[in-house]
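# Coordinate inspection notes
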Amino acid sequence: MLATNRVDATGAAPAARPRGLDGRVVFFAYLKERFPLPAYALLVTFFYGAGALFAQRVGKGAPLWWSAPVILLAFFHLRVFDEHKDYAKDCVSHPERLLSRGVVTRGMLKAWAAVAIVLQVGIAALAGPLALAAWAAVFLFTVAMRVEFGVGRWLNQHILTYALTHNPVVGLLAIFTWATTGAKWNDRFWWFVAVASTTSLAFEIARKTRLPGEEIAGVESYSSVHGRARAGLMVYGLVAISAVLSVSALTSITRDWRYAVPVLLGVAVARGLTRESAPQKRVELAASLAMLLDFGAIWAAAAFA
């Protein structure tokens with residue numbers, strides 16, 4: 001078991017990391033806690049596969065699969081940025097986390113994020129000038145997110161606006177996916193950008209939609225601000241909108257409606273999983289399944305229809 005350090009109630013910085021812990025052990029323990037690789041790798045695979053194959057279908061490019069880790073690494077450095085933004089609050093609200101306990105330090109996170117960013121630059125550069133430019137747009141937006149666009153105090157008082165202002169990073173990552181393929185731009189690709197943006201927003205709201213007994217003292221959630229029923233409806237509504245956008249993307253490349261079946265299945269399942277009595281894990285599962293089914297349907301249609 002990893003050693004711990006006590007955190008005071010004010011969220012003051014914990015003591016330095018205990019000596020004797022292997023850096024690799026700490027790194028993978030952190031990933032398991034805050035950035036589970038299997039889940040993120042699955043998401044990125046579906047995201048890149050759907051986007052790249054859709055771009056290939058409408059613009060005559062070709063997927064550059066080895067560039068997909070840029071998206072994974074971008075999500076990782078976003079996680080690190082969030083850890084720094086929310087550090088003081090998390091020390092109080094989540095004292096059990098490795099960072100709050102001092103097992104992981106902010107200095108370690110900075111070093112890991114720096115490596116991730118350097119790797120992103122290298123891979124994007126190898127993918128070509130257009131991919132590098134698209135990645136630069138992603139990175140600059142993440143920096144703006146890190147400083148909360150200079151209006152962090154106001155944004156933190158408006159949780160839904162906060163999510164909406166941060167959501168475009170997903171659309172930029174979708175455009176990066178297109179840029180890696182060498183495909184000619186086709187306006188039909190906006191359908192994929194819209195699907196990616198909407199499903200990610202549904203997931204963001206879902207992971208912070210809780211039953212009254214699941215709420216964390218001092219931590220705002222969509223359910224604590226807007227009510228559990230309304231928050232659940234927001235998740236379901238976004239799942240339904242993403243389904244409409246996905247079907248629009250599908251019909252732009254094929255008239256075979258069989259590819260829409262997984263999308264419609266995702267909407268049906270989400271209705272049950274987002275009901276007012278559903279716990280947070282089920283609401284998150286609804287958004288996750290809908291996202292994977294939407295991406296999977298687009299991937300399959302682009303590859304086989």
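Reading the values: rules and limits
- Residues numbered from 1 in each chain as written.
- Predicted model: local features only at pLDDT ≥ 70, side-chain atom pairs only at ≥ 80, totals over all residues.
- Heavy atoms only, no water.
- Helix = DSSP H or I, 4+ residues; strand = E, 2+ residues; numbered from the N terminus.
- Rg over C-alpha atoms; globule rule 2.2 N^0.38 Å.
- Contact = heavy atoms within 4.5 Å.
- Lys, Arg positive; Asp, Glu negative; His and termini not counted.
- Charge placed at Lys NZ, Arg CZ, Asp CG, Glu CD.
- Phe/Tyr/Trp six-rings, centres within 6.5 Å; stacked < 30°, edge-to-face > 60°.
- Buried < 20%, exposed > 50% of the residue type's maximum accessible area, 1.4 Å probe, protein only.
- Polar contact = N/O pair within 3.5 Å; in protein donor to acceptor, adjacent residues only side chain to side chain.
- Expected span 1.5 Å × (residues − 1).
- Arc of directions from axis to C-beta.
- Core = buried A, V, L, I, M, F, W, Y, C linked by side-chain atoms within 4.5 Å.
- pLDDT = per-residue confidence, 0-100.

## Quick notes on the overall build of the protein chain
The secondary structure content of the protein chain amounts to 15 helices and zero strands. Computed over C-alpha atoms, the radius of gyration of the protein chain comes to 20 Å, within 12% of the 19 Å expected from 2.2 N^0.38 for 305 residues, which places it in the range of a compact globule. The principal-axis extent of the C-alpha atoms belonging to the protein chain is close to 60 × 45 × 40 Å. If you take every contact in the protein chain between residues at least 6 apart in sequence, the share linking residues at least 24 apart comes to 74%. Side chains of the protein chain give 30 positive and 18 negative charges; the mean places of these two sets differ by 4 Å.

## Re the packing of aromatic side chains
A complete count under the given rule lists 20 aromatic pairs for this structure. Taking 6.4 Å as the distance between ring centres and 70° as the angle between the ring planes, the aromatic pair formed by Phe-27 and Phe-76 counts as edge-to-face. Note that Phe-27 is positioned in helix α1 (residues 23–34) and Phe-76 in helix α3 (residues 69–85), a separation of 49 residues in sequence. Given the relative accessible area of 25%, Phe-27 is considered partly exposed.

## Regarding the side chain of Thr-180
The topology assignment puts Thr-180 in helix α10 (residues 168–181). In this structure the side chain of Thr-180 is engaged in a polar contact, spanning 2.7 Å, whose partner is the backbone oxygen of Thr-177. Excluding residues that lie within four positions of it along the chain, Thr-180 makes contacts with Tyr-48, Ala-62, Leu-64, Ser-67 and Ala-131.

## Some points on helix α14 (residues 261–273)
Helix length check: α14 (13 residues) gives 18 Å between terminal C-alpha atoms against 18 Å at 1.5 Å per residue, within 8%. What α14 keeps buried is the set Val-263, Gly-266, Val-267, Ala-270 and Leu-273. In an axial view of α14, the angular spread of the buried residues amounts to 130°, which keeps them on one side of the axis. α14 presents Val-261, Leu-264 and Ala-268 as exposed residues on the side facing more than 90 degrees away from its buried surface. Buried residues along α14 sit against α13 (228–251) and α15 (280–304).

## A word on the nonpolar core
Core analysis: the largest hydrophobic core is formed by 95 residues, its most contacted members being Phe-75 and Phe-295. Excluding residues that lie within four positions of it along the chain, Phe-295 makes contacts with Leu-43, Phe-46, Phe-47, Ala-50, Phe-192, Val-195, Ala-196 and Thr-199.

## Details of the confidence of the model for the protein chain
Detailed reading of the predicted model is not advised wherever pLDDT is low. Put simply, the protein chain has an average pLDDT of 94, and 93% of its residues get 70 or more. Note on residues 3–13: pLDDT is under 50 here. Beyond four places in sequence and across chains, it has 25 contacts.

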